[in-house]
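What follows is each chain in one-letter form.
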Amino acid sequence: SQQGEEDPQALSIQEGENATMNCSYKTSINNLQWYRQNSGRGLVHLILIRSNEREKHSGRLRVTLDTSKKSSSLLITASRAADTASYFCATKRNSGYSTLTFGKGTMLLVSP
Amino acid sequence: GAGVSQSPRYKVAKRGQDVALRCDPISGHVSLFWYQQALGQGPEFLTYFQNEAQLDKSGLPSDRFFAERPEGSVSTLKIQRTQQEDSAVYLCASSLGDRGSTDTQYFGPGTRLTVL
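Not measured: the values here are computed from a predicted model.

K.L.:
How should I be thinking about the state of the cysteines in this particular structure?
P.N.:
A covalent bond between the sulfur atoms of two cysteines is referred to as a disulfide. Evaluated as defined, the whole model comprises two disulfides over all chains. Here A:C23 pairs with A:C89 through a disulfide, and the sulfurs are 2.0 Å apart. On the S-S bond that ties A:C23 to A:C89, the torsion sits near 65°, and the link is right-handed. Of this pair, A:C23 sits in strand 3 (residues 19–24) while A:C89 sits in strand 9 (residues 85–93), placing them 66 residues apart in sequence. Paired by a disulfide, B:C23 and B:C92 hold their sulfur atoms 1.8 Å apart. On the S-S bond that ties B:C23 to B:C92, the torsion sits near -65°, and the link is left-handed. Pair noted here: B:C23 is in strand 3 (residues 19–24) and B:C92 is in strand 9 (residues 88–95), with a separation of 69 residues, a long-range link. The exposure classification of B:C23 matches that of B:C92, with both residues buried.

This is how it looks when you write it as structure tokens:
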């Protein structure tokens, strides 16, 4: 079963605008990761944030994590048409193997 | 270097047929994962290998699903007597470390299985 829920399910913006996607999860985690998926490149790892971190940056990406609310957000600044894709959050549990539990994803459309 | 590759990229099967899906992980990667992604959903875990050992198969939906990685490299996911509900994209991922590692998982392009 899927642990995470992303919202919104779909997001449509213009190039240059910022895009924010949210993710909620249910159990305690070791880390939370964001992935991007499009038909051309498959599922690509974007960024990982550990449970003891609150914010992380990578280029135009900013991720926050609130473990008390079991939620995370992904901000893409100055979006480009090439950012059009589905974005998934995935959590790794504290125990057991490295299995990832994915949410249902947010479809982002960036129009030129 | 080469990433994770999967073959075939597309497979159409008639209901009741057996299929075999292949995954070539990144060379030297210890961990290998199979995920199933239904249309409009996120990937769901099927099974996990550490080298040749299948350590977790809790996500396999039925005993019609079988996976192996006999030499700790290439893996095959086999589905027997396919059903329409098996239609999905099957993703393979590999990572460098072993169990419990936080290494990044690198995904293949997937095999899109359509069962008619």
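K.L.:
Sorry, what's going on with the sheet that holds strand 7 (residues 65–68) of chain B here?
P.N.:
Backbone hydrogen bonds hold the strands of a sheet together, and the pairing may be parallel or antiparallel. Residues and elements named next belong to chain B. The sheet built from four strands is open, its strands ordered 1-3-8-7 with antiparallel pairing. Edge positions in the sheet fall to strand 1 (5–7) and strand 7, since each of these pairs with one other strand and no more. Each neighbouring strand pair of the sheet contributes to a mean axis angle of 15°, computed without reference to strand direction.

Rules used throughout
- Within every chain, residues take consecutive numbers counted from 1 along the sequence as written.
- The order in which chains are written sets their letters, starting at A; the order in which ligands are written sets their numbers, starting at 1.
- Where local features are concerned, this predicted model is filtered to residues with pLDDT of at least 70; where side-chain atom pairs are given and counted, the filter is 80 or more; whole-chain, interface and lining totals use all residues.
- Excluded from the side-chain calculation are hydrogens and water; included are all heavy atoms of the structure.
- Disulfide assignment relies on a single distance test, namely cysteine sulfur atoms paired within 2.5 Å.
- Every helix listed is a DSSP run of H or I at least four residues long, and every strand listed is a run of E at least two residues long, numbered separately from the N terminus.
- With a 1.4 Å probe rolled over the protein chains alone, any residue whose accessible area is under 20% of its type maximum counts as buried; one over 50% counts as exposed, and the rest are partly exposed.
- Pairing between two strands is assigned when DSSP locates at least 2 bridges connecting them.
- Between N-to-C directions, angles cover 0 to 180 degrees, with each direction set by a line fitted to C-alpha atoms, over the stretch in contact for helices.

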